[in-house]
Amino acid sequence: MRTQVCIIGGGPSGLLLSQLLDRAGIASVVLERQTHDHVLSRIRAGVLEYGSVAMLEQAGVADRVHVEGLPHSGTFLALQNTGFRIDFDALIGKGVMVYGQTEVTHDLYDARDAAGGTVIHRVEGTRPHDLDTASPYVTYALDGAEHRIDCDFVAGCDGFHGPSRQAIPKDVLTEYERVYPFGWLGVLSETPPVSHELIYANHPRGFALASMRNPQLSRYYIQAPVDDPLDRWTDDAFWDELRRRLPHDAAEALVTGPSIEKSIAPLRSYVADPMRWGRLFLVGDAAHIVPPTGAKGLNLAISDVHYLFEALKLHYAQGDDSGIDGYSRTALARVWNAIRFSWWFTTTMHRFPEQTPFDQAIQDAELRHLQTSVSAQRNLAENYVGLPF
Ligand code: FAS
Ligand code: PHB
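Residues numbered from 1 in each chain as written. Chains lettered and ligands numbered in written order. Predicted model: local features only at pLDDT ≥ 70, side-chain atom pairs only at ≥ 80, totals over all residues. Heavy atoms only, no water.

**A closer look at helix α3 (residues 50–58)**
For α3, the complete set of buried residues consists of Gly-51, Ser-52, Val-53, Met-55 and Leu-56. Elements that come into contact with the buried residues of α3 comprise α1 (12–23), β3 (47–49), α4 (63–68), β7 (96–98), α6 (101–114) and α9 (297–318). One or two residues past the end of α3 sits Gly-60, with phi positive at roughly 75°. (Buried < 20%, exposed > 50% of the residue type's maximum accessible area, 1.4 Å probe, protein only. Helix = DSSP H or I, 4+ residues; strand = E, 2+ residues; numbered from the N terminus. Contact = heavy atoms within 4.5 Å.)

In structure tokens, the structure reads:
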């Protein structure tokens with residue numbers, strides 16, 4: 001088989017890139033390790049930056065976002081059970097859209113199917129080859145048969161554990177990493193959200209987040225030891241701990257119910273540089289990971305797709321490789337802004353095991369400054385809703 005762009009990974013970044021390329025008349029094939037249903041079973045991100053919504057509009061997959069998505073013009077922060085609001089709209093005239101990654105992926109799959117796009121599921125042993133030549137190719141196995149796809153470019157949209165980043169020579173790649181000494185215990189429940197906007201709570205017992213997916217589906221998180229056995233956290237234990245950490249009015253209003261999903265996710269910051277090697281381009285989690293505190297993971301993947309799509313369009317339409325040659329530098333500049341914000345928000349809102357009374361006093365001062373300073377609130381708002389591409 002031959003195509004112009006071979007995309008490894010059928011998550012949000014791979015599917016979005018394929019959809020955009022298709023609408024620009026550029027052929028692509030998506031290779032996905034899991035089944036269609038497995039990809040759609042993942043419960044992950046919940047907040048879309050305004051730039052991400054614009055990208056979904058550009059891809060022709062934003063109809064449902066504008067019907068079922070929840071536009072948010074602000075968020076709440078809380079310090080020791082007392083909340084205060086950051087008004088994005090008043091501060092910077094922009095907001096975010098609450099719409100689950102699962103739904104984004106659904107919409108992208110529907111669009112690819114409608115366009116007759118090629119997404120090959122259940123592939124095994126996917127590997128890119130000859131990336132430092134003008135004729136790269138990708139091999140994979142499906143149902144025991146070996147296959148090869150010749151292409152012009154390979155997009156590594158295969159997440160943190162995929163093969164693409166591994167294909168970059170170790171002496172070329174620089175890796176930056178910070179692993180946080182805690183995880184997020186997340187619960188999904190068919191209950192009405194406790195607040196019409198998100199609540200990020202800093203508490204002496206640990207961080208908590210009240211989020212949602214729709215008016216009947218709530219998403220909550222509490223900071224927990226990343227190696228905590230999940231069976232330690234009964235639903236009652238989770239709800240009791242969440243109440244202790246939320247602002248008092250939210251704790252009293254909390255509607256609890258059985259969890260329909262419960263999991264603990266580790267937190268890390270990670271960046272791989274460069275994001276391009278020869279004809280290979282790393283996109284999304286294949287190149288970087290952020291702690292979910294700033295709601296940046298999915299949004300960064302979408303901004304990488306924006307830069308790579310524009311670069312490939314320029315190459316095929318005008319034979320101009322300035323976008324391709326500048327992809328890594330341009331994408332990484334925005335990645336590091338999000339890495340910094342996510343790191344700052346994580347260190348400000350969580351309890352660290354070795355935290356001293358001085359560290360605690362600094363967190364309190366940071367949050368009190370946010371509560372009273374318009375410039376501090378504006379800085380948080382412009383980072384949270386998303387910096388321009
Ligand atoms: P993805 O990991 O989504 O997709 C990569 C795809 O490549 C997968 O479908 C995988 O099956 C496939 N693949 C892997 N290896 C392959 C191979 N060898 N061959 C073929 N295919 C292969 N972000 C937020 O903003 N907010 C959150 O709350 C949040 N919560 C998260 C919770 C968890 C548990 C995790 C893991 C991530 C979370 N994220 C969150 C980040 C997440 O949303 C990612 O940023 C987002 O999925 C990135 O999209 P992709 O880059 O497409 O990678
Ligand atoms: C979510 O709803 O899953 C969510 C929202 C905001 C975050 C992280 C996760 O910062």
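**Focus: the site of ligand 1**
With respect to spatial proximity, 31 residues lie near ligand 1, and among them Ser-13, Glu-32, Arg-42, Gln-101 and Asp-285 are the closest. Contact distances for ligand 1 include 2.7 Å between an oxygen atom and a side-chain N or O atom of Glu-32. For ligand 1, the protein covers 84% of the area, taking 1000 Å² as the surface of the free molecule. Put simply, the parts of the chain that give the shell around ligand 1 at least two residues each are α1 and α9. Here the shell around ligand 1 takes three residues from α9, the largest share from any one element. (Near = heavy atom within 4 Å. Polar contact = N/O pair within 3.5 Å; in protein donor to acceptor, adjacent residues only side chain to side chain. Areas by Shrake-Rupley, 256 points an atom, 1.4 Å probe, with all protein chains shown as cover.)

**Observations concerning the packing of aromatic side chains**
Within this structure, the stated rule accounts for 19 aromatic pairs. Ring geometry for Phe-153 against Phe-281: centres 5.9 Å apart, planes inclined by 55°, an arrangement best described as tilted. Note that Phe-153 is positioned in strand β12 (residues 153–156) and Phe-281 in strand β19 (residues 280–282), a separation of 128 residues in sequence. Its relative accessible area of 3% is what places Phe-153 among the buried residues. A residue is classified by how much of its surface remains accessible, and Phe-281, at 1% relative accessible area, is buried. A network of ring pairs unites the aromatic residues Phe-88, Trp-184, Tyr-200, Phe-207, Tyr-221, Phe-341, Trp-344, Phe-345 and Tyr-384 as a single cluster. When the ring centre of Tyr-137 is taken as reference, the NZ or CZ atom of Arg-148 above it lies at 3.6 Å. Across from the ring centre of Phe-160, 4.6 Å away, lies the NZ or CZ of Arg-165, which sits over that ring. (Phe/Tyr/Trp six-rings, centres within 6.5 Å; stacked < 30°, edge-to-face > 60°. Lys NZ or Arg CZ within 6 Å of the ring centre and 35° of its normal.)

**Topic: the pattern of salt bridges**
The full count for this structure, using the stated rule, is 22 salt bridges. The shortest N-O distance in the salt bridge between Arg-2 and Asp-152 comes to 3.2 Å. Highlighted residues: Arg-2 in the segment before β1 (5–8) and Asp-152 in the loop between β11 (145–150) and β12, separated in sequence by 150 residues. Where Arg-245 meets Glu-241, a salt bridge forms, and the shortest distance between an N and an O atom there is 2.9 Å. Placement of both Arg-245 and Glu-241 in helix α7 (residues 235–245) is noted, with a separation of four residues, approximately one turn of the helix. On the basis of relative accessibility, which here comes to 4%, the residue Arg-245 falls in the buried class. Look at Glu-241 and you get buried, because its relative accessible area is 5%. Three or more residues joined by partner-sharing salt bridges are found here, namely Arg-64, Glu-68, Glu-103 and Asp-107. (Salt bridge = Lys/Arg side-chain N within 4 Å of Asp/Glu carboxyl O.)

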